[in-house]
Amino acid sequence: MIKLFVNIDHVATVREARKTYEPDPLEAAIIAEKAGAYGITAHLREDRRHVQDNDIRRLKDQITTPLNLEMAAVDEMVEIAIATKPFQVSIVPENRQEITTEGGLNIMEQEDHLIEVGYQLKERDILFSLFIDPDAHQVKAANRVKADSIELNTGPYSESSSIDANAQHLAQLRKAAVQAHELGLRVFAGHGLTIGNVPAIIHNVPWIEELNIGHHIVSRSIYVGIDQSVRDMINCIQGKII
Ligand code: PXP
C-alpha cells in the first residue's frame, strides 16, 4: 500500500501570515497521524517563509511517525538535518523568487556535492532522497550519487490541462519509475497532487512507495477539517470512492 506523507508547510504559511502561534503545524501533524498518515513532511526553506527551525525540532520530538525533512543541499540545512536526525531528508532545488518548488534537481550539475551530502546523511542513518523530474538522465545520476530514493516531480502532470499532455506526463512518470526501480532506487512522488489526480498516478505509475501531499490536503481542511481531509486522501490512495 502506498504511504501518505502529509506536508504541513501551509499550516505554517497561515500562521506566518500573522506571525503568531496559530495554526500550529505540530498540532496539525498530530491530527494527521491519528487520521492515518504514515509520516509528516516539512520543508525548511532558506528564507523561512513558512516552516521555522523550531517547528522542525518540535515535530521531530513530538510526532510518532517518520519525519521527512525537505531542504536545499546547502551547508546550513545539512547541519540542521544532522542535529535533528529526521527519518528522511528530501533534497529539493530552491529558488528564492519561486512560489513553490518549481522543478526537480539538476543532479548532473552538482554530483560531487550531492555525493558528499548523501554521505553525511546516510552515515547518520538518515534516508537520502532526491526530488527530480521524470528524466532518464536524472534517474541515472540519482543512482550515481547513491541516493536511497527519488521523489518524482508530479507538478507538470498536476498542472497539465489537456488529455494528451496528461497522458504524456503519466507516460514519463511511468518510464522514470520503472527505470529507477530497475536501478534499485526506491520511488516516491509528489507535488500538486489532489483527490482528483491521484487515482491516475496510482493506476499508471508502478513502484511508488510514498506520496508527499500538502497543499490540497491543507486547503480541503479549511472546509472539512484536517482529520477528514487526510482520511479522504488515504481513501483515495486506496482506491475507495470519496
Ligand atoms: N514534494 C516536494 C519535493 C515539494 O517541494 C512539495 C511542496 O513543498 C511537495 C512534495 C508537496 O506538494 P504539494 O504541496 O503541492 O502537495
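Keep in mind it's a predicted model, so treat the numbers as computed, not measured.

Calculation rules
Residues numbered from 1 in each chain as written. Predicted model: local features only at pLDDT ≥ 70, side-chain atom pairs only at ≥ 80, totals over all residues. Heavy atoms only, no water. Core = buried A, V, L, I, M, F, W, Y, C linked by side-chain atoms within 4.5 Å. Buried < 20%, exposed > 50% of the residue type's maximum accessible area, 1.4 Å probe, protein only. Helix = DSSP H or I, 4+ residues; strand = E, 2+ residues; numbered from the N terminus. Contact = heavy atoms within 4.5 Å. Near = heavy atom within 4 Å. Polar contact = N/O pair within 3.5 Å; in protein donor to acceptor, adjacent residues only side chain to side chain. Areas by Shrake-Rupley, 256 points an atom, 1.4 Å probe, with all protein chains shown as cover. 1 Å grid on protein atoms, 1.4 Å probe; cavity = no way out; pocket = protein on both sides within 12 Å on 5 of 7 lines; lining within 4 Å. Sits in = over half its atoms within 2 Å of the grid points. Nonpolar A, V, L, I, M, F, W, Y, C, P; charged D, E, K, R; others polar. Phe/Tyr/Trp six-rings, centres within 6.5 Å; stacked < 30°, edge-to-face > 60°.

Visitor: Would you mind going over the nonpolar core with me for this structure?
Guide: Burial of nonpolar side chains together is a common tendency in soluble globular proteins. Within the largest apolar cluster, 70 residues are counted, with the highest numbers of intra-cluster contacts made by Ile8, Ile91, Leu130 and Val230. Among the elements that line this core, the one with the most residues is helix 11 (residues 226-237), at six residues. Excluding residues within four positions of it along the chain, Ile8 makes contact with Pro25, Ala28, Ala29, Ile40, Thr41, Ala42, Val51 and Leu59.

Visitor: Would you take a moment to explain the site of the ligand for this structure?
Guide: Taken together, 14 residues sit near the ligand, with Thr101, Glu151, Gly192, Gly214 and His215 positioned nearest. In this structure, His215 approaches the ligand through a main-chain N or O atom, which is 2.8 Å from an oxygen atom. A total of 400 Å² of accessible area belongs to the ligand in isolation, and the protein chains cover 95% of it. Put simply, the ligand lies in the largest pocket. A breakdown of the residues in the shell around the ligand according to their chemical character gives three nonpolar, eight polar and three charged.

Visitor: Help me out: how do you make sense of the packing of aromatic side chains in this one?
Guide: Both the distance between ring centres and the angle between the ring planes are used here to describe each pair of aromatic rings. In this structure the tally under the stated criterion is one aromatic pair. Ring centres 5.8 Å apart and planes at 50 degrees place the aromatic pair Phe5 and Tyr38 in the tilted group. Of this pair, Phe5 sits in strand 1 (residues 3-7) while Tyr38 is found in the loop between helix 2 (25-34) and strand 2 (39-43), placing the two residues 33 residues apart along the sequence.

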